[in-house]
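# Structural characterization, general
Okay, here's what each chain looks like letter by letter:
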Amino acid sequence: MELIPSFQVDHTKLVPGIYVSRIDTIGQEYATTFDIRMKTPNVEPAIHPNAMHSIEHVIATFLRNDEEWKDSVIYWGPMGCLTGSYLIMKGRPAPQDILPLMIRAFEYLRDYDDVIPGALPVNCGNYLLHDLNIAKYEAKLFVDNLKNKPCFEYPQAERINTEKGLTFFDS
């Protein structure tokens, strides 16, 4: 079975940034999936699940209420590896186009001091799995990264060998 494109990105060279993971067509329309990578995979500790859940709630609410972009947002949700999130948007915006939006969203989270939206038993399937303080800390780190050294180009693996279920990257 072929590896999907996101598993062909060299995660040993991947750094925090905003990347185009894929562009899909739906009839005549496009949907762009962004990899919003907050942590260096396999180097930095992953984001704690409680913090990631809070990041999901606050940022999703922010994005779906942003006057400029709300009609373009299809989905915001965490990666299974807990090193970032996926953002799916209508059209074909470039990472540089959404950089100001991501800075605003993560500044909003960094400075957020209210009840986590949708974090009640009636709204959320695991309403106790939240940590706003750690989410705010992670947001601060990511905002600093986006402002000082944003990265937009995926490092690609030169060759992938998946014999016997092992995957490694040749340099």
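By convention here, each chain's residues receive numbers from 1 onward along its written sequence. In keeping with the predicted nature of the model, local features appear solely for residues at pLDDT of at least 70, side-chain atom pairs appear and are counted solely at 80 or more, and the whole-chain, interface and lining totals rest on all residues. Values shown for side chains rest on all heavy atoms present in the structure; no hydrogens or waters enter the calculation.

### Thoughts on helix α3 (residues 132–148)
Applicable threshold: The helix count covers DSSP runs of H or I at least four residues long, the strand count covers runs of E at least two residues long, and both are numbered beginning at the N terminus. Helix span is expected to be 1.5 Å times the residue number reduced by one. Buried means the residue's accessible area, taken with a 1.4 Å probe over protein chains only, is under 20% of the maximum for its type, while exposed means over 50%, and partly exposed covers the values in between. Residue contacts are counted whenever heavy atoms from the two residues lie within 4.5 Å of one another. We call two N or O atoms a polar contact when they sit within 3.5 Å, provided that within protein one can donate a hydrogen and the other can accept it, with sequence-adjacent residues counted only if both atoms are side-chain atoms.
Counted at 1.5 Å a residue, the expected span for α3 with its 17 residues is 24 Å, and the 24 Å between its end C-alpha atoms agrees. Buried residues of α3: Leu132, Ala135, Lys136, Glu138, Ala139, Phe142, Val143, Asn145 and Leu146, and no others. Those residues of α3 that are buried lie in contact with β1 (17–26), β2 (29–37), α1 (49–63) and α2 (95–110). Between the side-chain oxygen of the N-cap and the backbone nitrogen of asparagine 133 there are 3.2 Å, and the N-cap of α3 in question is aspartate 131.

### Quick notes on the pattern of salt bridges
Quick note on the threshold: Only one rule defines a salt bridge in this text: a Lys or Arg side-chain nitrogen within 4 Å of an Asp or Glu carboxyl oxygen.
Counted by the stated rule, this structure contains ten salt bridges. Measuring nitrogen to oxygen at the nearest pair gives 3.7 Å for the salt bridge that ties lysine 13 to aspartate 10. Residue class for aspartate 10 comes out buried when judged on its relative accessible area of 2%. Glutamate 44 serves as the salt-bridge partner of lysine 39, at 3.8 Å between the closest nitrogen and oxygen. Taking relative accessible area as the criterion, lysine 39 reaches 6% and is therefore assigned buried. Glutamate 44 sits in the partly exposed class, given a relative accessible area of 30%. One continuous salt-bridge network, built from bridges that share partners, spans Lys39, Glu44 and Glu138.

### A closer look at the packing of aromatic side chains
Remark: the centre distance and the inter-plane angle together describe each pair of aromatic rings, the angle taken between the planes. Just so we agree on the cut-off: Ring pairs shown here join Phe, Tyr and Trp side chains whose ring centres sit within 6.5 Å, with only the six-membered ring taken for Trp; geometry is labelled stacked below 30 degrees between planes, edge-to-face above 60, and tilted in between. Consider the ring centre and the ring normal. A charge sits over the ring if Lys NZ or Arg CZ is within 6 Å of that centre and within 35 degrees of that normal.
For the structure on display, the rule yields five aromatic pairs. Between the aromatic rings of phenylalanine 106 and phenylalanine 142, the centroid separation amounts to 4.9 Å while the plane-to-plane angle is 75 degrees, which identifies the pairing as edge-to-face. Highlighted residues: phenylalanine 106 in helix α2 and phenylalanine 142 in helix α3, separated in sequence by 36 residues. Residue phenylalanine 106 is classed as buried on the basis of its relative accessible area, which comes to 0%. Taking relative accessible area as the criterion, phenylalanine 142 reaches 2% and is therefore assigned buried. Site record: aromatic cluster; members linked through ring pairs are Phe62, Tyr108 and Tyr112. When the ring centre of tyrosine 30 is taken as reference, the NZ or CZ atom of arginine 92 above it lies at 4.9 Å.

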